[in-house]
Amino acid sequence: MRFAGTFSPQGSLEAYEAKLAEYPSMTCECKNQAVPMGSYTTTNLNMSSSCEWFKKDLEKFKTEPLTSACKAWSQMNYCTTVNKACNQSATTLSWLKKELKDNVLFSTQVMAEDSLYTALEKKFESLYQIAEVISSAPHDAVGSWAAANMPKIHKMLGGITHRLRALTVKQMHDLHDDTRDDFDYTNAGSLIPGSVEWTSFKSTCEAARPLYCNDLWEIDTDAALAGDKNLCPLDLPSPNTAVKCDAENVGNGICDVECLSEACFFDGGDCGGIDLLPDPYGNGQTESAFSTSDAFLRKGKYNENLHWLDTPDDNYLNSTKRRCEAPEFWSKFDWLPEPDDADYTYFSGFDWASRYTHWFTNNGETAPASNFRASRSLSCDAYTKDLKQNYFNFYWPHELEKFVSDYTTGMQKIRDSGSLSAADKTAIQLSIDDLNQAKDFLVSGTAPMTEYFGDLETAIRELFVDWTTSNVTLDYAKYFKECSPTTCTFVYDEKPSSAALVTIVFSLIGGITAAIDAVFAFIYKVCRRTIIGPPTGDAFSASEDENDTRQETPLASPPSGKNEKIGVMVQK
């Protein structure tokens with residue numbers, strides 16, 4: 001038979017669980033029906049170690065620029081993009097953890113552990129999806145804006161530069177002799193000197209102080225990185241008299257940095273696209289490159305003074321050529337093929353061994369057999385390249401570590417052999433430091449992120465959370481304590497004893513008999529009134545409940561033997 005019971009756990013989870021195991025349908029009322037999730041959950045969301053590395057390296061750049069691996073390898077844009085994305089994700093994760101902590105679970109009864117975990121999981125997933133949208137939305141907006149606007153700017157840049165150079169050539173023609181138009185202005189020797197206008201332009205241009213300060217970059221690089229403009233004040237002639245503009249080179253298609261002055265028409269626009277080589281000091285960094293085809297040059301085809309509008313198409317690697325003047329082409333993405341080499345563009349399919357083998361061959365040693373090629377993304381949009389970049393698309397991090405170990409060990413032996421001059425020892429040490437910096441940037445900086453997420457874009461969408469070290473845990477004991485159940489009820493089945501069973505049977509029989517007697521008594525009364533009718537002399541139909549005019553007199557017991565009363569109406 002089924003019975004109902006009560007139980008008080010008295011704050012003991014063990015007693016509750018033992019009773020629950022005995023009666024799975026047991027329910028307990030919570031004294032505290034609103035319990036914040038933060039009181040019984042712990043949220044550990046650890047971001048990729050790459051975030052901390054990029055943060056520290058950019059801090060190095062602020063204090064000691066030359067010690068920054070990002071700066072040394074001309075990856076400042078990439079490093080800055082990663083660092084900003086990490087900061088945004090950290091802020092978003094702080095919001096998520098606070099929301100989860102403050103979320104209140106309302107329940108009148110103690111929830112089972114599985115049900116509580118399911119509720120926590122659903123709430124966390126909901127908040128995490130919102131956080132992902134918050135984190136990725138700005139980057140999606142940037143990409144959409146760039147695809148819609150940058151191709152227009154790109155076409156405008158080319159048009160303005162062409163127009164500027166054409167006007168410069170025309171102006172120089174007029175300055176030489178505005179009565180003649182048959183001279184060969186591409187050949188400096190054939191230019192016609194003599195006009196007052198040309199003489200004035202030439203003297204003004206060649207005396208002007210260029211915006212490009214040769215001494216700033218080549219003499220004191222630390223001052224250049226710190227932005228020390230006092231080293232080359234713009235209102236004074238160049239400290240180096242050899243660094244001055246040759247007016248006849250203005251607008252000739254080759255960038256002459258000494259002609260970057262207003263008096264020289266800023267070299268006629270020739271320096272507007274010098275972005276093919278990542279130089280060590282950042283004034284021509286490929287990460288911020290903006291060229292017509294966004295392509296790499298083939299080996300032996302690099303001319304550091306050549307404007308990109310004048311670079312022959314054959315000078316580019318075919319695999320890197322791409323159109324950038326239309327929205328549908330702007331964000332297209334690809335990888336530089338592994339075997340392709342591009343001069344001076346490290347991290348781009350370049351065979352790193354070729355940078356260091358001369359130390360071995362020039363000293364009668366055999367270069368190590370290990371090799372490494374960092375993969376390079378290709379796209380018109382530099383921001384898209386940053387998002388998709390993964391330097392280990394072709395080679396694994398451990399292959400880079402072996403390459404660096406083999407080459408640095410070999411170069412250290414050559415350095416310590418005693419056969420090198422002091423200058424060569426300094427140079428080979430720079431190569432060793434160079435490799436160690438590259439290893440630091442790639443293995444310690446980018447690898448933890450790209451090995452787990454694949455690329456920066458995915459890392460941003462997933463908030464840089466490394467789930468191998470992250471978790472959201474539930475402490476059921478803390479929840480039970482916060483709920484503080486007082487009384488529990490349960491239903492149970494139990495077989496009665498023989499004596500109890502007899503008692504129950506007789507009780508049932510007695511109850512049934514009493515019910516039958518009551519029914520027959522009612523039927524008798526109805527039949528009697530129907531046959532005999534009400535007592536004569538009554539002015540109205542008397543009610544059986546009107547005890548002030550009638551009374552009941554007990555008569556002989558009916559056959560049933562029960563002391564049942566049969567009401568007889570007696571007039572007073």
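All values reported here derive from a predicted model rather than from experimental measurement.

> Just to check I follow, could you spell out the environment of E462 for this structure?
For E462, the location among the structural elements is in the loop between helix 14 (456–461) and strand 8 (471–474). Among the residues examined, E462 registers a relative accessible area of 31% and is labelled partly exposed. With 329 residues separating them in the primary sequence, E462 and V133 have C-alpha atoms 9.7 Å apart. Apart from residues no more than four positions distant in its own chain, E462 is found in contact with Y128, E132 and F453.

> I tried to follow unusual backbone geometry on my own but got confused; where do I start?
In most cases, non-glycine residues show a negative phi, while peptide bonds are predominantly trans. In the Ramachandran plot, S74 falls in the positive-phi region, its phi being about 55° despite a non-glycine side chain. Here S74 is to be found in the loop between helix 3 (69–72) and helix 4 (76–102). You will see that L463, though not glycine, has its phi angle at about 60°, which is positive. Here L463 lies in the loop between helix 14 and strand 8.

> Explain a negative patch on the surface here, please?
Taken together, the side chains of E14, E17, E113 and D114 define an acidic patch exposed on the protein surface. Where the negative patch is concerned, the elements lending two or more residues are helix 1 (13–22) and helix 5 (113–177). Mapping E113 onto the fold places it in helix 5.

> What's the story with the confidence of the model for the chain in this structure? I'm lost.
Detailed conclusions should not be drawn from predicted coordinates in areas where pLDDT is low. Counting all residues, the mean pLDDT for the chain is 77, and 72% of those residues have values of 70 or more. Confidence drops under pLDDT 50 across residues 178–182; counting only partners more than four residues distant or on other chains, this segment forms four contacts. With pLDDT under 50 throughout, residues 538–572 is counted as low confidence; its partners more than four residues away or in other chains account for 32 contacts.

> What is the right way to look at the packing of aromatic side chains in this model?
Any two aromatic rings considered together are summarised by their centre-to-centre distance and by the angle between their planes. The full count for this structure, using the stated rule, is 25 aromatic pairs. Judged by centre distance (6.4 Å) and plane angle (90°), the ring pair of F54 and F441 falls under edge-to-face. Separated by 387 residues along the polypeptide, F54 in helix 2 (residues 49–63) and F441 in helix 13 (residues 422–453) bring together distant segments of the chain. Under the relative-accessibility criterion, F54 is labelled buried at 0%. Under the relative-accessibility criterion, F441 is labelled buried at 0%. The rings of W53, F54, Y78, Y391 and F441 are connected pair by pair, giving a single aromatic cluster.

> Which parts of the structure should I look at to understand the environment of F201?
The residue F201 is located in helix 6 (residues 196–207) in this model. When the C-alpha positions of F201 and A247 are compared, they lie 7.9 Å apart, and in sequence the two are 46 residues distant.

> Mind showing me how you'd approach the side chain of T408 here?
Take T408: it is sitting in helix 12 (residues 397–415). Within the local environment of T408, its side chain forms a polar contact with the backbone oxygen of S405, the two atoms lying 3.3 Å apart. Ignoring sequence-local partners within four residues, the contact set of T408 consists of I432, L435 and N436.

> What exactly am I supposed to notice about the state of the cysteines here?
Should the sulfur atoms of two cysteines be covalently bonded, the bond is a disulfide. Under the definition given, this model contains six disulfides. The residue that forms a disulfide with C70 is C79, at a sulfur-sulfur distance of 2.0 Å. Around the S-S axis, the bridge from C70 to C79 shows a dihedral of about -90° and counts as left-handed. Paired through a disulfide, C205 and C264 show a sulfur-sulfur distance of 1.8 Å.

> I keep staring at the nonpolar core and nothing clicks. Help me out?
General note: in soluble globular proteins, nonpolar side chains tend to be found buried as a group. The biggest cluster of nonpolar side chains holds 48 residues, and the ones touching the most others in it are W352, F403 and F441. For this core, the secondary-structure elements that each account for two or more residues are helix 2, helix 3, helix 4, helix 10 (357–361), helix 11 (382–388), helix 12, helix 13 and helix 14. Top element by residues in this core is helix 13. It accounts for ten residues. Sequence-distant contacts of W352, defined by excluding residues within four places in its chain, comprise W73, F347, N371, F372, A374, L400, F403, L435, A438 and L442. One finds M26, C30, V465 and F480 within the second-largest nonpolar core, a separate group that totals 33 residues.

Procedures and definitions
- Residues numbered from 1 in each chain as written.
- Predicted model: local features only at pLDDT ≥ 70, side-chain atom pairs only at ≥ 80, totals over all residues.
- Heavy atoms only, no water.
- Helix = DSSP H or I, 4+ residues; strand = E, 2+ residues; numbered from the N terminus.
- Buried < 20%, exposed > 50% of the residue type's maximum accessible area, 1.4 Å probe, protein only.
- Contact = heavy atoms within 4.5 Å.
- Patch = residues over 30% accessible without salt bridge, like charges linked within 9 Å, V, L, I, M, F, W, Y side chains within 5 Å.
- Areas by Shrake-Rupley, 256 points an atom, 1.4 Å probe, with all protein chains shown as cover.
- Salt bridge = Lys/Arg side-chain N within 4 Å of Asp/Glu carboxyl O.
- Lys, Arg positive; Asp, Glu negative; His and termini not counted.
- Charge placed at Lys NZ, Arg CZ, Asp CG, Glu CD.
- pLDDT = per-residue confidence, 0-100.
- Phe/Tyr/Trp six-rings, centres within 6.5 Å; stacked < 30°, edge-to-face > 60°.
- Polar contact = N/O pair within 3.5 Å; in protein donor to acceptor, adjacent residues only side chain to side chain.
- Disulfide = S-S within 2.5 Å.
- Core = buried A, V, L, I, M, F, W, Y, C linked by side-chain atoms within 4.5 Å.

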